[in-house]
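# Chains, contacts and geometry: an overview
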Amino acid sequence: MLRALILAFILPAFISAAAPVYVVLWFDTEDYIEPASDDAALRIASDLAKEGVRATFKVVGEKARVLEKRGRRDVIEALSYHAIGYHSNWHSVHPAPAEYLLRMGYLEGADEFERREAAGVADVKRIFGKQPVCYGQPGNSWAPQTNLALRRLGIPVYLDEGEHVGVDDQPFWYGGLLYVFKMGKNNFRARLNVGAEDLAAYKRFDEAAARLASNSGGVISIYYHPAEFSTTEFWDGVNFARGANPPRETWVKPRRRTPEDSERCYGVLRQFVRHMKAQPAVRFVTAEDLPRLYANPVAKAVNLKLVVNYLGQHIIFGEIDGETLSPAEMLMALLDVKPHVVDGPTAPGATTYSEPTIPVPAFRAAKADAADFIQRFHRLPNEVFVGSKALSLADFAATLARGSSTAAEVPVVRGSLEFERYFATDGRKAFSWVIHPEGFDGTPLLDLGRLQGWTLKPARLRAIN
Ligand SMILES: [Zn+2]
C-alpha cells in the first residue's frame, strides 16, 4: 500500500521528466473509386486539426488526380495542413511494385520504379503544393530498389509497416532512408469495430509510452486508411484481388458504412487521439518532423582503431566512439573514403581467391580499387579483386579489419554477415497480400534487400536541449 502511494506520487513526476514519446499517426489515402472516402479524408483531417494534431497522409497518385477532377479543393486543403506522403501511383492496379521489381536487379529496378512512379510523385506535389516527404508501399508490395529511387526523387523517409526488415521495433536507417517500419509492439491502433471506444488500445498505448519514456524515448506508429471510416471492405480487394486487373469501366464500389457507423468510427479515432494527447511526454510528429528528430544518417569520423576492432569481430551495425555506424560506414572509414550515403552491393559476390594470405602490395591495390569504386558509384562493390581472383565483400571487410598491416602478407579472414538476421526469410509470408497473385513469392526481393543490410543501422534520437 505504502509502495503504491509512493509510486502514485513519484510516477507522474518521473514520466514528465522522461524521454519523449513520439506518435506518428498516418493515413494511407488511396481509395479513388468510392467518393465517400474523399469525405472521410476531409473529416479526419479536419477533426485532427481541431485537436491540434498533425498527422501524415500518404496519398496515391491517382487519388490526388481524382480529388482534383472531382473539384475537391476542400479535401486537398484540409489534407495539406498535415504532412503529405506518397503511396504509389496506382496502388493495386497491376503490376504492383513488388510484382514489377521481382526479377530486376538493384539499379535496373530503381530506374524502373522511377519510370513508373515519378509522375505520381509530381502529381501529388503539384496538387498538394508540397513535396511528399515519405513513401510507403501498397499492401506489403515492398522492394529494396525503391530506396535508391526514392533518394533520387527527393523522398527522405520510408513510412509503412511490413516484416521485410526491421530493427528492434524502432526507426532505422536503411539505404540512406529513415525507415519507420516493422514497429512490432510499437505499432497498434484503436480498433474501429469494437464499439464507441477501444479501451484495450488505451492500455496498450499507456504501456508502450511508459516503456519508451523510461528508456531513451522513441516512436509509436499508428495507421489507418480514411476509406476504413466510410466503407466496410477495401476498395481494391473487391477489384484487384489475387492478380485480377479488370478495366476501369468494370470497377465496382466497396460496400459503405451507414452514416451513423462512420460517425461512430470518427469518434473512436477522436477519443483515442485525446487519450494519447493527454499523456505526459507524448508528442505527435509527422514524417516531416522525423528527419529533424533523428541524428544525421552519416556518422561523424570515429577512431579507426575502434572500427578495426569492431568490424574484425562483426559485420553488423554498432556503437563506436559514441556514434552508431553501419558496416558500410565502417568499411568507408577503413578505406579512407569520406563518409556519405551509399547503397549496398547489387549481387552476392563470391570469394575465388584461394591462398591463405595476400601480399601487402596486392592488398593495398585491392583497397585502393574498392575505395575508388565506392567513391565513383556511391555503392559497395559485390567483390574486390586481388589480381585475377576476388574476395567477396564480407571476406574483404573481415580481412581489411583483421589483417595486420605490419606483416608482409595479409591473412585472409572469412567474414559473416550478422546483419542478415534483421531481414525476413519467408518470401511468401512477407509478401502475402490479397492483391498479389496467389502464391506470390518475393524471395528474390528479400535476397536483394539483405545485401543492402550493409547500410542498416538503428536511428538514434537527437539529444533534446
Ligand atoms: Zn495502401
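Residues numbered from 1 in each chain as written. Predicted model: local features only at pLDDT ≥ 70, side-chain atom pairs only at ≥ 80, totals over all residues. Heavy atoms only, no water.

## Some remarks on helix α10 (residues 259-277)
Spanning 19 residues, α10 covers 27 Å between terminal C-alpha atoms, matching the ideal 27 Å at 1.5 Å per step. Among all positions in α10, only Ser262, Cys265, Tyr266, Gly267, Val268, Leu269, Phe272, Val273, His275 and Met276 are buried. Summarising the contacts, the buried residues of α10 are in contact with β1 (21-29), α2 (36-50), α8 (199-214), β8 (218-224) and β9 (282-285). (Helix = DSSP H or I, 4+ residues; strand = E, 2+ residues; numbered from the N terminus. Expected span 1.5 Å × (residues − 1). Buried < 20%, exposed > 50% of the residue type's maximum accessible area, 1.4 Å probe, protein only. Contact = heavy atoms within 4.5 Å.)

## Points about the coordination of the zinc ion
For a metal bound by four donors in a tetrahedral arrangement, the ideal donor-metal-donor angle is 109.5 degrees, while six donors in an octahedral arrangement ideally sit at 90 or 180 degrees. All of the protein donors around the zinc ion are Glu30 (OE), His87 (NE2) and His91 (NE2); their distances to the metal are 2.1 Å. Read from N- to C-terminus, the donor residues coordinating the zinc ion fall into the pattern E-x56-H-x3-H. In this pair, Glu30 sits in the loop between β1 and α2 while His91 sits in the loop between β3 (83-86) and α5 (97-101), placing the two residues 61 residues apart along the sequence. On the basis of relative accessibility, which here comes to 4%, the residue His91 falls in the buried class. (Donors = N, O, S within 2.8 Å, 3.2 Å for Na, K, Ca; no water.)

## So, the packing of α2 against α10
Where α2 contacts α10, the two axes come as close as 11 Å, and the packing angle between them is 30°. Judged by the angle between their axes, α2 and α10 are roughly parallel. Here α2 and α10 pass one another in a crossing that is right-handed. Counted together, Asp39, Ala40, Arg43, Ile44, Asp47 and Leu48 of α2 and Glu263, Tyr266, Leu269, Arg270 and Val273 of α10 form the full contact between these two elements. Here the residues of the contact of α2 with α10 are counted per class, giving six nonpolar, no polar and five charged. (Axes fitted to C-alpha atoms, helices over the stretch in contact; angles between N-to-C directions. Parallel < 35°, antiparallel > 145°, perpendicular 65-115°, else oblique. Left-handed = near helix turned anticlockwise from the far one by under 90°. Nonpolar A, V, L, I, M, F, W, Y, C, P; charged D, E, K, R; others polar.)

## Considering unusual backbone geometry
In terms of backbone geometry, most residues other than glycine have negative phi values and most peptide bonds are trans. Residue His94 is joined to Pro95 through a cis peptide bond whose omega torsion reads 0°. In this fold, Pro95 is placed in the loop between β3 and α5. Of note, the phi angle at Ala281 is positive, near 75°, even though the residue is not glycine. Inspection of the secondary structure puts Ala281 in the loop between α10 and β9. By relative accessible area, Ala281 is classed as partly exposed at 21%. Located in the positive-phi region is His378, a residue other than glycine, with phi close to 55°. The exposure class of His378 is partly exposed, given its relative accessible area of 39%.

## Examining the side chain of Glu323
The topology assignment puts Glu323 in strand β11 (residues 323-325). Judged by its relative accessible area of 16%, Glu323 is buried. At 3.1 Å, the side chain of Glu323 forms a polar contact with the backbone nitrogen of Lys300. If near-sequence neighbours (up to four positions away) are discounted, Glu323 is found in contact with Ala299, Lys300, Val302 and Gly318. (Polar contact = N/O pair within 3.5 Å; in protein donor to acceptor, adjacent residues only side chain to side chain.)

## As for the pattern of salt bridges
Counting across every chain of the model gives 39 salt bridges. In this structure, a network of salt bridges that share partners links the residues Glu62, Arg65, Glu68, Asp123, Arg126 and Arg248. (Salt bridge = Lys/Arg side-chain N within 4 Å of Asp/Glu carboxyl O.)

## With respect to the packing of aromatic side chains
Considering all chains together, one arrives at 27 aromatic pairs under this definition. An angle of 50° between the planes, with centres 5.9 Å apart, marks the rings of Tyr32 and Trp251 as tilted. Taken together, the positions of Tyr32 in the loop between β1 and α2 and Trp251 in the loop between α9 (237-240) and α10 put the pair 219 residues apart, joining distant regions of the chain. Each of the two residues, Tyr32 as well as Trp251, counts as buried. (Phe/Tyr/Trp six-rings, centres within 6.5 Å; stacked < 30°, edge-to-face > 60°.)

## Describing the side chain of Glu117
For Glu117, the position within the fold is in helix α6 (residues 106-128). Notably, Glu117 is buried but unbridged: the nearest opposite-charge side chain belongs to Arg116, and the N-O separation is 6.9 Å. Of note is the side chain of Glu117, whose polar atom sits 2.8 Å from the backbone nitrogen of Asn89. What Glu117 contacts, discounting residues up to four positions off in sequence, is Tyr86, Ser88, Asn89, Pro97 and Tyr100. (Lys, Arg positive; Asp, Glu negative; His and termini not counted.)

Read these as spatial facts, not as claims about activity.
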